[in-house]
Amino acid sequence: MAPTHTFSYPAILEIAERITWRVEDLVGGDKRLDFARPFLPESLARVEALEFLTAAEKRALNHIRANGYLHVFGLVEEFIVPFVLKHVERDLRGESYRVRSFLEFAAEEAKHIHLFRRFKEDFDRGFGTRCELIGPSEAIGEAVLAHHPLAVALTILHIEWMSQRHYVDSVSGSEALDPQFKSLLKHHWMEEAQHAKLDTFMVEDLAAGLTPAEVARAVDEYLEIGAFLDAGFQRQVEYDVASLERASGVALSPAEREQLRTVQRQALRWTYLGSGMTHPNFLKTLGHLGPEHRRRIEAISPTFS
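Summarised in this report is the structure supplied together with it. (Residues numbered from 1 in each chain as written. Predicted model: local features only at pLDDT ≥ 70, side-chain atom pairs only at ≥ 80, totals over all residues. Heavy atoms only, no water.)

On to the packing of aromatic side chains. Any two aromatic rings considered together are summarised by their centre-to-centre distance and by the angle between their planes. Applying the stated rule across the entire model yields 17 aromatic pairs. Seen in terms of ring centroids, Phe7 and Phe201 are 6.3 Å apart; in terms of plane orientation they differ by 80°. Their pairing is edge-to-face. Residue Phe7 is found in the segment before α1 (9-18), and its partner Phe201 is found in helix α8 (residues 179-207); the two are separated by 194 residues along the sequence. Overall, the relative accessible area of 10% leaves Phe201 in the buried class. Ring geometry for Tyr167 and Trp189: centres 4.6 Å apart, planes at 25°, overall stacked. One end of the pair, Tyr167, is in helix α7 (residues 149-171); the other, Trp189, is in helix α8, and 22 residues separate them in sequence. Overall, Trp189 belongs to the partly exposed group, its relative accessible area being 25%. One aromatic cluster is present, built from ring pairs that chain together Phe35, Phe39, Phe119, Phe123, Phe127 and Phe181. Over the aromatic face of Trp21 sits the side chain of Lys111, whose NZ or CZ is 3.9 Å from the ring centroid. (Phe/Tyr/Trp six-rings, centres within 6.5 Å; stacked < 30°, edge-to-face > 60°. Helix = DSSP H or I, 4+ residues; strand = E, 2+ residues; numbered from the N terminus. Buried < 20%, exposed > 50% of the residue type's maximum accessible area, 1.4 Å probe, protein only. Lys NZ or Arg CZ within 6 Å of the ring centre and 35° of its normal.)

Next up on the list: the pattern of salt bridges. Inspection of the entire model under this criterion finds 23 salt bridges. With its nearest N and O atoms 2.8 Å apart, the salt bridge here joins Arg100 to Glu17. Within this pair, whereas Arg100 is found in helix α5 (residues 96-127), its partner Glu17 is found in helix α1, the two being separated by 83 residues in sequence. On the accessibility criterion, Arg100 (42% relative accessible area) is partly exposed. The shortest N-O distance in the salt bridge between Asp25 and Arg22 comes to 3.0 Å. By relative accessible area, which is 49% here, Arg22 ends up partly exposed. Linked through salt bridges whose partners overlap, the residues forming this network are Arg217, Asp220, Glu221, Glu224 and Arg296. (Salt bridge = Lys/Arg side-chain N within 4 Å of Asp/Glu carboxyl O.)

A separate point is the packing of α7 against helix α11 (residues 280-289). Direction vectors running N to C along α7 and α11 enclose 155°, while the axes themselves pass 9 Å from each other. Between α7 and α11, the angle falls in the class roughly antiparallel. Taken together, the residues of α11 that come into contact with α7 (itself represented by Leu154, Leu157, His158 and Trp161) are Asn281, Phe282, Thr285, Leu286 and Leu289. Split by residue class, the contact of α7 with α11 holds six nonpolar, three polar and no charged. (Axes fitted to C-alpha atoms, helices over the stretch in contact; angles between N-to-C directions. Parallel < 35°, antiparallel > 145°, perpendicular 65-115°, else oblique. Contact = heavy atoms within 4.5 Å. Nonpolar A, V, L, I, M, F, W, Y, C, P; charged D, E, K, R; others polar.)

This paragraph deals with the layout of surface pockets. Quantified by volume, the largest pocket comes out at close to 220 Å³. Lining the largest pocket we find 17 residues, and of these His158, Gly226, Leu229, Tyr272 and Leu273 sit closest to its centre. The biggest single contributor to the lining of the largest pocket is helix α9 (residues 212-248), with six residues. For the lining of the largest pocket, a count of residues per class yields 14 nonpolar, three polar and no charged. (1 Å grid on protein atoms, 1.4 Å probe; cavity = no way out; pocket = protein on both sides within 12 Å on 5 of 7 lines; lining within 4 Å. Points joined across faces, edges and corners; volume = space filled by probe spheres on them.)

In this approach, a probe sized like a water molecule rolls over the atoms, and the result shows the empty space that is left. Under the definition given, this model contains three cavities of 30 Å³ or more. In this model, the largest cavity occupies a volume close to 60 Å³. Elements with a contribution of two residues or more to the lining of the largest cavity: α4 (55-89), α7 and α8. Tallying contributions element by element places α7 first for the lining of the largest cavity, with four residues.

Here we come to the side chain of His188. Tracing the sequence through the fold places His188 in helix α8. Apart from residues lying up to four places away in sequence, His188 is in contact with Trp21, Phe73, Glu77, His112, Phe116 and Ser163.

As a further point, take the packing of α4 against α7. In contact at an axis separation of 11 Å, α4 and α7 are set at 140° when each is read in the N-to-C sense. What the angle tells us is that α4 and α7 run oblique. The two elements α4 and α7 meet at a crossing, and its hand is left-handed. Between α4 and α7, the residues in contact are Tyr69, Phe73, Val76, Phe79, Ile80 and Phe83 and Pro149, Val152, Ala153, Ile156, Ile159, Glu160, Met162, Ser163 and His166, respectively. Taken together, the residues of the contact of α4 with α7 sort by class into 12 nonpolar, two polar and one charged. (Left-handed = near helix turned anticlockwise from the far one by under 90°.)

Written out as structure tokens, the structure is:
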């Protein structure tokens, strides 16, 4: 199959090596979170429709969601690192730009994990209320990596294009968001832009030589991974409701609690599932594997809007 893009390993590596930032340059010292401002854009947080919450409670829920947002990125990057390393170690004597690009990819993902852990320390100090988060990361990673390698690669590609979409569509042009949180998302996005291209190569590599039935099974397993992660996100909603009540000191009524759950379940579904499944570049890669796979995902994706 001819590629549907113009990516090249030398160009990806050249850009990656020009984007240089350290965790220590982005957090700590006078670089503090401003809890008087929202962290996540409303398109992801979806708090404004909850009219029974005060402005302060909506902002607190936005912060709780933002804390979970970076936590999820940290979770998935913990299984991305070993997957990428396993992929490249199959051919360490291969083309040099390819090997170096994938090793840089893994190193940058490890840096992101470090960044998000430092964010969590700052968040916990500033927010002042315990917020429970899904995990443990080891169990989630083990469950995901038990699937077909092509299914895992499709999941990673989904995540990478998802992160690009969030920043470009909702974060970069917003003047309302906390500049510190926005800076973390910007620097994450800068490196993930190269990862999305490398993930595209990885999907193509893993699909090469597979039969149509094997590719179809991998797409099935991509959806199984999505369902597994969706169950975790729905559990996160329950944690977020409890965190909001602790932070606000107000007990929601049963009707308010159910409305909050309903809105936030769909918000998390769009944030982590729908926005990746419907990204044009993700759909283009699926169509490259077989037009029936693209049509299948396009039929499913409205559930996660």
